[in-house]
Amino acid sequence: MIGIFIALLSGALMSVQGVFNTQVTKGTSMWVSNSWVQFSAFVICIVAWFFSDRKSFGSILQVEPKYMLFGGVIGAFITYTVIKSMDLLGPAQAVMLIVVAQLLLAYLIEVFGLFGVEKVSFEWRRLLGMAVCIGGIVLFKWE
């Protein structure tokens, strides 16, 4: 149950963050805003680290495969694309498309066992569930 709550909280925070970042970008620029987002996240992470596990930063060098360390690089482009999509489409439509893209790619990662994720078998009902989500976007946008 706690996992469901955390996932819902994550989605809510991502929506609010996207709106905040889009507004900051209007007063600055895309990369200034993105830099602020990443820098402020870094500061919070350092503070949280100080009060929690205090594991050595050297342990990051033990991560294998090394390409897994590019999550922060991806994060910068996530921030960019969220800001841009919310600016062009509005928060509701942007978030719906973002969530469907996340769901579809996450399922493909599981089905093909990519990036060290445990492989699962393909199920038509899950694909149907994604089609229902896409249908919801069409219905939401229908005028």
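Cut-offs applied
Residues numbered from 1 in each chain as written. Predicted model: local features only at pLDDT ≥ 70, side-chain atom pairs only at ≥ 80, totals over all residues. Heavy atoms only, no water. Helix = DSSP H or I, 4+ residues; strand = E, 2+ residues; numbered from the N terminus. Buried < 20%, exposed > 50% of the residue type's maximum accessible area, 1.4 Å probe, protein only. Contact = heavy atoms within 4.5 Å. Salt bridge = Lys/Arg side-chain N within 4 Å of Asp/Glu carboxyl O. Phe/Tyr/Trp six-rings, centres within 6.5 Å; stacked < 30°, edge-to-face > 60°. Lys NZ or Arg CZ within 6 Å of the ring centre and 35° of its normal.

A. Molecular detail of the overall build of the chain. Per the secondary structure count, the chain includes five helices and zero strands. Sequence-ordered secondary structure for the chain, helices as α and strands as β, is α-α-α-α-α. Across the 143 residues in the chain, those meeting the buried criterion constitute 17%. For the chain, the proportion of contacts with a sequence separation of at least 24, taken over those separated by at least 6, is 55%.

B. Representation of the pattern of salt bridges in the model. Scanning the entire structure with this criterion turns up four salt bridges. The residue glutamate 64 makes a salt bridge to lysine 66 at a minimum N-O spacing of 3.5 Å. For arginine 126, the salt bridge is made with glutamate 110, and the minimal N-O distance between the two is 3.9 Å. Of this pair, arginine 126 sits in helix 5 (residues 124–141) while glutamate 110 sits in helix 4 (residues 91–112), and the two are 16 residues apart along the sequence. Since its relative accessible area comes to 33%, arginine 126 is described here as partly exposed. Residue classification places glutamate 110 among the partly exposed positions, given a relative accessible area of 30%. A single salt-bridge network, built from bridges that share partners, covers Glu110, Glu123, Arg125 and Arg126.

C. Structural context of unusual backbone geometry. Cis peptide bonds are those with omega within 30 degrees of zero, and the linkage from glutamate 64 to proline 65 qualifies with -10°. Despite not being glycine, arginine 54 has its phi angle at roughly 55°, a positive value. With respect to the secondary-structure elements, arginine 54 resides in the loop between helix 2 (30–51) and helix 3 (71–89). Notably, phenylalanine 115 is not glycine yet its phi reads approximately 60°, a positive angle. Positionally, phenylalanine 115 belongs in the loop between helix 4 and helix 5. Looking at phenylalanine 115, the relative accessible area reads 49%, which means it is partly exposed.

D. A look at the packing of aromatic side chains. Enumeration over the complete set of coordinates arrives at eight aromatic pairs. Between tyrosine 107 and phenylalanine 122, the ring centres sit 6.2 Å apart and the planes meet at 40°, which makes this aromatic pair tilted. With tyrosine 107 in helix 4 and phenylalanine 122 in the loop between helix 4 and helix 5, the pair connects residues that are 15 residues apart, well separated along the chain. Three or more aromatic residues link up through ring pairs in this structure, and these residues are Trp31, Phe77 and Tyr80. The lysine or arginine in question, arginine 54, covers the ring of tryptophan 49, its NZ or CZ lying 5.1 Å from the ring centre.

E. Looking closely at the side chain of threonine 25. Looking at the secondary structure, you find threonine 25 in helix 1 (residues 2–27). Excluding anything up to four places from it in sequence, threonine 25 contacts Met30, Ser33 and Ile83.

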